[in-house]
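Chains, contacts and geometry: an overview
Chain residues, written in single-letter form:
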Amino acid sequence: MNPELILGVVEEGLVLINKLVPDQAYRLQKEINEIRELWLNEYSKGHLRNDSMLDHLELRLAGLRQLFAIACKSADSKIKP
């Protein structure tokens, strides 16, 4: 799995979400930054990395997907009359 690809896609979507629901965009950006930092830190350890930690971060990516979906729905509800 390439978390940077997933994080990048979500991050690009934040541009639109930030205009309609900035509080949710901030929360998503904070989560993206935390996951990215932890992932890079753990993955850079090479053979000493903790695969359990990487599995945990994959679960956080799934949670991020859910947060992103909720933010999209909230943004959509602000567009529709």
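See above for the structure.
Quick summary incoming for the structure in this document. Note that the structure is a prediction, hence the values are computed from the model and not measured.

**Examining the overall build of the chain**
Scanning the chain from N- to C-terminus turns up three helices and zero strands. Ordering the α and β elements of the chain from the N terminus gives α-α-α. For the chain, the C-alpha atoms occupy an extent of roughly 55 × 20 × 15 Å along the three principal directions. Looking at the chain as a whole, 30% of its 81 residues qualify as buried. For the chain, the proportion of contacts with a sequence separation of at least 24, taken over those separated by at least 6, is 66%. Here the chain has roughly 5,600 Å² of accessible surface; of this, 58% comes from carbon and sulfur atoms. Of note, the chain has its 11 positive side-chain charges centred 7 Å away from the centre of its 12 negative side-chain charges.

**Quick word on the environment of A71**
Tracing the chain through its elements places A71 in helix α3 (residues 51–79). Residues A71 and N33 lie 38 residues apart in sequence; the distance between their C-alpha atoms is 17 Å.

**Some remarks on the side chain of R60**
Its location among the elements puts R60 in helix α3. Taking the relative accessible area as the measure of exposure, R60 reaches 19% and is therefore buried. Side chain to side chain, R60 and E34 meet in a polar contact 2.8 Å long. Not counting chain neighbours up to four residues away, the residues in contact with R60 comprise E31, E34, I35 and L38.

Parameters and conventions
- Residues numbered from 1 in each chain as written.
- Predicted model: local features only at pLDDT ≥ 70, side-chain atom pairs only at ≥ 80, totals over all residues.
- Heavy atoms only, no water.
- Helix = DSSP H or I, 4+ residues; strand = E, 2+ residues; numbered from the N terminus.
- Buried < 20%, exposed > 50% of the residue type's maximum accessible area, 1.4 Å probe, protein only.
- Contact = heavy atoms within 4.5 Å.
- Areas by Shrake-Rupley, 256 points an atom, 1.4 Å probe, with all protein chains shown as cover.
- Lys, Arg positive; Asp, Glu negative; His and termini not counted.
- Charge placed at Lys NZ, Arg CZ, Asp CG, Glu CD.
- Polar contact = N/O pair within 3.5 Å; in protein donor to acceptor, adjacent residues only side chain to side chain.

Worth remembering: the numbers are spatial, not functional.
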